[in-house]
Amino acid sequence: ALAALLYNQMQMRALRIRHAALAGKPGEAPAVLLGVDSIGHFDDAVGGSVRADLTPLLRAQLLTVQGDFAAAAALLEAHLPEAVAAGLARTGGSLLADLAWCWANTGEVQRARALADQAAVEVLAEDGAHCDLDECAALHARLAQVYAKLHEDGLAARHGDAAQTAWGKDADQRRLWAGRLSSAGLGTPPR
């Protein structure tokens, strides 16, 4: 249970950093990267892991934010297929877009374009009613960056607009949840 708590805490911090970076506001990635490393150290100390397959993907997201594109690409290529096969298809498109971003920044233009196009097709297949809005927004924001880097201005603008729409829906959903928690008397933690 403690391992799961550590992982979830680091995942939430990493998601905030990733979302901030996609919005052009870099954050505390190096410090959180140390936290991700400590998940592995804790798992080694207790002799097990809650989701060892996810920790490398979390690390890859933070390395991408830091600009260590080659290391992030290696982790994504090694661990993304396994994670998607294990049931994480909803985040797979977003991470595929991250991999495209890594390749675009390391000069692998054809690989970047192919992966960006694949991620763009996958987002079209998502069921909007069951889509995680923040993942959809992150995917579109990353695709906008990839296509801009590849000088595909029309595609970059289209995904940039889709990202803004999805970020807006995500903010609306968060406000709705916060209002419901407050009206239920759950706005502050119990003492």
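Residues numbered from 1 in each chain as written. Predicted model: local features only at pLDDT ≥ 70, side-chain atom pairs only at ≥ 80, totals over all residues. Heavy atoms only, no water.

Draft legend 1. Structural context of the nonpolar core. In this structure, L57, L76, L143 and Y147 are the most contacted members of the largest nonpolar core, which totals 41 residues. The set of elements that each furnish at least two residues to this core consists of α3 (55–66), α4 (69–85), α5 (89–105), α6 (109–125), α7 (133–149) and α8 (153–183). Ignoring sequence-local partners within four residues, the contact set of L143 consists of A97, A116, A119, A120 and H159. Ranked by size, the runner-up nonpolar core spans five residues in total, among them A14, I17, L58 and L62. (Core = buried A, V, L, I, M, F, W, Y, C linked by side-chain atoms within 4.5 Å. Buried < 20%, exposed > 50% of the residue type's maximum accessible area, 1.4 Å probe, protein only. Helix = DSSP H or I, 4+ residues; strand = E, 2+ residues; numbered from the N terminus. Contact = heavy atoms within 4.5 Å.)

Draft legend 2. Inspection of the side chain of Q61 at higher detail. Tracing the sequence through the fold places Q61 in helix α3. You can call Q61 buried: its relative accessible area is 11%. In this view, Q61 contacts L15, R18, L95 and D98; residues no more than four positions away in its chain are not counted.

Draft legend 3. Fine view of the pattern of salt bridges. Per the stated rule, a full pass over the model turns up six salt bridges. Between R113 and E152 there is a salt bridge whose closest N-O contact spans 2.7 Å. Here the residue R113 occupies a position in helix α6, and E152 occupies one in the loop between α7 and α8, the gap between them amounting to 39 residues. Among the salt bridges present, the one from D172 reaches R175, with a minimum N-O distance of 2.4 Å. Highlighted residues: D172 and R175, both in helix α8, separated by three residues, approximately one helical turn. Since its relative accessible area comes to 53%, R175 is described here as exposed. In the salt-bridge network here, residues are joined through shared partners; they are R113, D117 and E152. (Salt bridge = Lys/Arg side-chain N within 4 Å of Asp/Glu carboxyl O.)

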